[in-house]
Amino acid sequence: MRAAVYDRYGGPEQLQVQDVPVPSPSSGQVLVRIEATSVNLSDWECLTGSPVYARIGGLRRPARRTLGSDIAGVVERVGEAVTRFRPGDAVYGDNLALKGGFAEYALAPESALAPVPEGLGFAEASTIPQAGAIAWQGTEKALPDARVLINGAGGGSGSFAIQLAKRRGAHVIAVDNGTKQDFMRSLGADEVVDYEREDFTRTAEPYDLVLDLVAHRSPLAYRRALARGGTYRCVGGSVGTLLGVLTVGAVTGAATGRSLGVLAVKQGPAFFEPIGALVAGGEVITHAERIFTLDQVADAVAYVGEGRTRGKVVVVP
């Protein structure tokens, strides 16, 4: 089979499409014929090896040669003890532990997969698992009429988060670069902020909930942006910022009646299937801005890593 592989951390030039053996499923595993894999910021981080937490399991060289965790495709073979799927089933899931989606076939644990909802295409399904789970959990505390700010709202998780927060009745302020303002409005954002022109942490009207998908600011700046009783949660960002949020942010926030922390994202079908059902029912939209071929996977990962994506980018074999 053909797969995009890399053997050292670095830029997109490290990704090379090569012929490699088709893997065989072990007990509890499923071999999926890949129809589509969406690109996440985690793919860029694992490619570059930065931030340092992206090197977990492979400090000096990548733990997995093939990236791509948000997969959708057709079951080709199943290993022993697999009971939920059989060859021919259409499945999707976040295969973060094994990755391998930027290829023609990938192994995934049975527990990571769910049936593709009826009426949903493979490209659409591949955009949901990781981004949808983050958005679902990150907006759980959005209450009716609450002021909810989403930083990085024009990307994959952010575009879902805007819609989910609006479904909960919140007033949504969406932050991203100037090229994504109209896109964020189209998803239902009540206000949009260009971070290159305006500092969202300096506001006359503080926020009840902040979901930060690209955390790079001081925890004290985040604290001042929160209303008393408000909640700040970040997903990803620089190591320094994350450590600051967990230490200084947590202490100073608690002292002033605010909660600052890192969102501990839970994985698995229970956390992305609700989004899949909403998308299949037409209640939430997913936006695949560009479709790349396997030979273009380096360009696809670079496009996401550079922060240019409106919604999601998808790679098809």
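Residues numbered from 1 in each chain as written. Predicted model: local features only at pLDDT ≥ 70, side-chain atom pairs only at ≥ 80, totals over all residues. Heavy atoms only, no water.

Engineer: What should I look at first to understand the environment of isoleucine 56 in this one?
Structural biologist: Mapped onto the fold, isoleucine 56 is located in the loop between helix H1 (41-48) and strand S4 (70-78). Spatially, the C-alpha atom of isoleucine 56 lies 9.2 Å from that of cysteine 46, the residues being ten residues apart in sequence. (Helix = DSSP H or I, 4+ residues; strand = E, 2+ residues; numbered from the N terminus.)

Engineer: Quick question: what am I supposed to make of the sheet that holds strand S8 (residues 147-151) here?
Structural biologist: Note on sheets: strands pair through backbone hydrogen bonds, and any given pair is parallel or antiparallel. The six strands lie next to each other as S10-S9-S8-S11-S12-S13, forming an open sheet whose pairing is parallel. Two strands lie at the open edges of the sheet, namely strand S10 (191-194) and strand S13 (259-262), each paired on one side alone. Mean inter-strand twist for the sheet, computed between neighbouring axes without regard to direction, equals 15°. (Pairing = 2+ DSSP bridges. Axes fitted to C-alpha atoms, helices over the stretch in contact; angles between N-to-C directions.)

Engineer: Hey, could you run me through the nonpolar core in this one?
Structural biologist: Core analysis: the largest hydrophobic core is formed by 38 residues, its most contacted members being Tyr92, Ile128, Val148, Ile150, Phe160 and Ile162. Of all the elements in the fold, those that place two or more residues in this core are helix H3 (129-138), S8, helix H4 (156-167), strand S9 (171-176), helix H5 (181-186), strand S11 (207-212) and helix H8 (269-280). For this core, the leading source of residues is H4, giving five residues. Here isoleucine 162 is in contact with Ile150, Ala153, Val172, Ala174, Met184, Leu187, Gly188 and Ala189, once residues within four sequence places are set aside. With 19 residues, the next largest nonpolar core counts Tyr6, Tyr9, Ala300 and Val315 among its residues. (Core = buried A, V, L, I, M, F, W, Y, C linked by side-chain atoms within 4.5 Å. Buried < 20%, exposed > 50% of the residue type's maximum accessible area, 1.4 Å probe, protein only. Contact = heavy atoms within 4.5 Å.)

Engineer: What is the right way to read helix H9 (residues 297-305) from this model?
Structural biologist: Count 3.6 residues to each turn of an α-helix, and residues three or four apart come out pointing the same way. Burial within H9 is extensive, with seven of its nine residues counted as buried. Every buried residue belonging to H9 is among Val297, Ala298, Ala300, Val301, Ala302, Tyr303 and Val304, and all of these are buried. Where H9 is buried, its residues contact strand S1 (2-5), strand S3 (29-39), H1, strand S14 (288-293) and strand S15 (312-316). At the exit of H9 stands glycine 307, carrying a positive phi of roughly 75°.

Engineer: Just checking my understanding: could you explain unusual backbone geometry for this structure?
Structural biologist: Peptide bonds are, in most cases, trans, and in most cases residues other than glycine have a negative phi. Residues serine 50 and proline 51 are joined by a peptide bond in cis, for which omega reads 0°. Relative to the helices and strands, proline 51 is located in the loop between H1 and S4. One non-glycine residue, lysine 99, adopts positive backbone phi at about 55°. Summarising the element assignment, lysine 99 is placed in the loop between strand S5 (90-94) and strand S6 (105-109). Here lysine 99 falls in the buried class, since its relative accessible area comes to 14%.

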